[in-house]
Amino acid sequence: MKVGLFAKPITALAITLSSTIGFVLLSHSHQQLSSLKSKTHTHSMANNRSFIVWLHGLGDSGPANEPIKSLFTSPEFKNTTWSFPSAPSNSVTCNYGAVMPSWFDIHEIPVTANSPKDESGVLKAVQNVHAMIDKEIAAGTDPNNVFVCGFSQGGALTLASVLLYPKTLGGGAVFSGWVPFSSSIVEKISPNAKRTPILWSHGMADTTVLFEAGQAGPPFLVDVGVSCEFKAYPGLGHSISNDELRYLESWIKTRMPGSS
């Protein structure tokens, strides 16, 4: 009789326990699915995001260049992270040793195709740019979505940073820059780096970094085996124009993975 008295409660307990286990398993399965969806979404977001580094010219600063990003209004840039680093303060030979923000030393102004080069200073600055790129890629950004851009001295550093990076990047954009190293650097350029495209823009009326210094870039790159698009801007001095930036926007868009 006692067994009969406990039969129904035990059965009820079994049903309750079974239902609880089923609910726990179902909840766990739902949590796994939600976690998988979250990871997939995060991975997708990481693949869709891009990273643009902008390197300023001699005596300038990163924050002063931040308004540039406001011109990039296309929806492709909604997941873009921008970085506007500032150069450290260094003594600059062309300015009689005055200390100012400078990525490396510049020996003379105007800069010509044959101006002396501070290769050791350039290589040191390149390491800092590479560290920024490495950090972004480690955070999940596809290297093909990483773009390095720069004006004047920053343009020269852009070229060096892209050519000496071990992976293929989305692209490098040089504005009013020059080749900051000798041909001996070619042996350090990896096959992956040679696949990174270069956009080179230069004002034909530039009296600070002469147009001839810019013109010397594409032949150097062709000899190395790097694709380079060169654009000359008549009447433009040592500055960057909205036309150049609008073209840069479209140039980057066409190089983002998944773009039509």
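Structural data are supplied above this passage.
For the structure given in this document, a descriptive report is provided here. What you see is a predicted model; the values in this text were computed from it and never measured. (Residues numbered from 1 in each chain as written. Predicted model: local features only at pLDDT ≥ 70, side-chain atom pairs only at ≥ 80, totals over all residues. Heavy atoms only, no water.)

1. Describing the overall build of the protein chain
Reasoning step 1: Broken down by element type, the protein chain carries 6 helices and 8 strands.
Reasoning step 2: In sequence order, the secondary structure elements of the protein chain are arranged as α-β-β-β-β-α-β-α-β-β-α-α-β-α.
Reasoning step 3: Out of the 260 residues belonging to the protein chain, those deemed buried represent 43%.
Reasoning step 4: Put simply, the protein chain shows about 13,400 Å² of open surface, and 58% of that area lies on carbon and sulfur atoms. (Helix = DSSP H or I, 4+ residues; strand = E, 2+ residues; numbered from the N terminus. Buried < 20%, exposed > 50% of the residue type's maximum accessible area, 1.4 Å probe, protein only. Areas by Shrake-Rupley, 256 points an atom, 1.4 Å probe, with all protein chains shown as cover.)

2. Structural notes on the packing of helix 2 (residues 119-138) against helix 3 (residues 153-163)
Reasoning step 1: At a minimum axis distance of 9 Å, the contact between helix 2 and helix 3 shows a crossing angle of 70°. As far as their axial angle goes, helix 3 and helix 2 are roughly perpendicular. With respect to the hand of their crossing, helix 2 and helix 3 are arranged in right-handed fashion. Along the contact surface, helix 2 presents Val 122, Ala 125, Val 126, Val 129 and His 130, while helix 3 presents Leu 157, Ala 160 and Ser 161.
Reasoning step 2: Its residues assigned to classes, the contact of helix 2 with helix 3 comprises 6 nonpolar, 2 polar and no charged. (Axes fitted to C-alpha atoms, helices over the stretch in contact; angles between N-to-C directions. Parallel < 35°, antiparallel > 145°, perpendicular 65-115°, else oblique. Left-handed = near helix turned anticlockwise from the far one by under 90°. Contact = heavy atoms within 4.5 Å. Nonpolar A, V, L, I, M, F, W, Y, C, P; charged D, E, K, R; others polar.)

3. Points about the pattern of salt bridges
Reasoning step 1: In total, this model carries 2 salt bridges according to the counting rule given.
Reasoning step 2: Between Glu 136 and Arg 49 there is a salt bridge whose closest N-O contact spans 3.8 Å. A residue pair is termed long-range when its members are at least 10 positions apart, and Glu 136 in helix 2 and Arg 49 in the loop between helix 1 (2-48) and strand 1 (50-55) qualify at 87 residues.
Reasoning step 3: The salt bridge partner of Asp 243 is Arg 246, with a shortest N-O separation of 2.5 Å. Of this pair, Asp 243 and Arg 246 both sit in helix 6 (residues 242-253), 3 residues apart, which is roughly one turn of the helix. (Salt bridge = Lys/Arg side-chain N within 4 Å of Asp/Glu carboxyl O.)

4. With respect to the layout of surface pockets
Reasoning step 1: Put simply, the second largest pocket is a space of about 150 Å³.
Reasoning step 2: The wall of the second largest pocket is formed by Pro 88, Asn 90, Ser 91, Trp 103, Phe 104, Asp 105, Asp 118, Gly 121, Lys 124, Ala 125 and Asn 128.
Reasoning step 3: It is helix 2 that provides the largest number of residues to the lining of the second largest pocket, a total of 4 residues.
Reasoning step 4: Considering only residue class, the lining of the second largest pocket consists of 4 nonpolar, 4 polar and 3 charged. (1 Å grid on protein atoms, 1.4 Å probe; cavity = no way out; pocket = protein on both sides within 12 Å on 5 of 7 lines; lining within 4 Å. Points joined across faces, edges and corners; volume = space filled by probe spheres on them.)

From the geometry alone we can't say anything about function, so treat these as descriptive.
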